[in-house]
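# Structural overview
One letter stands for each residue in the lines below.
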Amino acid sequence: MEISTLAMYHCLAFVWYFFIAYSITNIRTEERPSEVFFYGGQWKYLTVLNLVLQAVFYGVSFLADVLRLIKKLRCAKCAISSRDLLFSVLAFPVSAFVSISFWTLYSYNRELVYPKSLDGVIPLWLNHAMHTAILPFAVLEILALPHRYPAKKKGLILLGFVSFLYISWVLWIYSVTGEWVYPLFALFSPAGLAAFFAISLAIIISFYNFGEFLNRITWE
């Protein structure tokens, strides 16, 4: 794909994610259903954090494209390295995890992850923008241009560290409020919850490996 075409695509994707993140983070407090507690705001939800992550990633991608167009190759090289690291370690695996895990649990029992009361607050198109469209965007990014993955050990350590930070954030919120970010967690014993987190980590690592595999067979 031509650099100018990539720049246009990345710019539009950045604007889209910025708009979606803005829309969901600016829902008025009085509109929130009783199941959604205030502590941590929208920043306790992996879905919302992922939207911000995608906006940052596409912003960096657009910057890299612009720097290549204006022949600032030294700066472009740094931006491309940041772009590829963000995509390989976070943007692709987190998007895949959010989309697939959400719809799997939603199909089983939506009240565990997305109570029906949210339908009156979050329109259907916004739900699909947050939980459905993110996966095709991530796959399209791999098909649009090659990404350089880090050494496997480095990539998995970074992904594991970010996962640990989010789990710690969820546990901190529970310790302060006595409420779980997702109702699903209330069903588990401490050992069961630890197992659930371990399985979730294994799943997101598998998405990392799948992204790396897809990138390799597409471009090598």
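Sequence order sets the numbering: in each chain, residues are counted from 1 along the sequence as written. For this predicted model, a pLDDT threshold of at least 70 governs which residues receive local features, and a threshold of 80 or more governs which side-chain atom pairs are given and counted, while totals over whole chains, interfaces and linings are taken from all residues. Side-chain metrics rest on all non-hydrogen atoms present in the structure, leaving aside hydrogens and water.

## Description of unusual backbone geometry
- Phi is positive for lysine 71, which is not a glycine, with a value near 65 degrees.
- Under the scheme used here, helices are H or I runs from DSSP no shorter than 4 residues and strands are E runs no shorter than 2 residues, and both carry numbers assigned from the N terminus. Tracing the backbone shows lysine 71 in the loop between helix H2 (46-69) and helix H3 (73-109).
- Think of it in three bands: with a 1.4 Å probe and only protein chains considered, a residue is buried below 20% of the maximum accessible area for its type, exposed above 50%, and partly exposed in between. On the accessibility criterion, lysine 71 (65% relative accessible area) is exposed.

## Observations regarding the environment of isoleucine 167
- Tracing the sequence through the fold places isoleucine 167 in helix H6 (residues 152-177).
- Residues isoleucine 167 and tyrosine 114 lie 53 residues apart in sequence; the distance between their C-alpha atoms is 19 Å.

## A short note on helix H4 (residues 124-131)
- When H4 is considered as a whole, its buried residues turn out to be Leu126, Asn127, Ala129, Met130 and His131.
- For H4, the secondary structure elements touched by its buried residues are helix H1 (3-25), H2, H3 and helix H5 (134-144). Residue contacts follow a heavy-atom distance rule, with two residues in contact if any of their heavy atoms lie within 4.5 Å.

## Observations regarding the packing of H5 against helix H7 (residues 190-219)
- A fitted line through C-alpha atoms represents every axis, and for helices the fit uses only the stretch in contact; the resulting angles, taken between N-to-C directions, go from 0 to 180 degrees. For the pair H5 and H7, the least separation of the axes is 9 Å and the interaxial angle reads 35 degrees. Here the hand of the crossing between H5 and H7 comes out right-handed. Mapping the contact onto sequence places Val139, Ile142, Leu143 and Ala144 in H5 and Gly211, Leu214, Asn215, Thr218 and Trp219 in H7.
- Polarity classes work like this: nonpolar for Ala, Val, Leu, Ile, Met, Phe, Trp, Tyr, Cys and Pro, charged for Asp, Glu, Lys and Arg, and polar for all others, with Gly in that last group. Per-class residue counts for the contact of H5 with H7 are six nonpolar, three polar and no charged. Crossings are assigned a handedness: left-handed for a near helix turned anticlockwise from the far helix by less than a right angle, right-handed for a clockwise turn.

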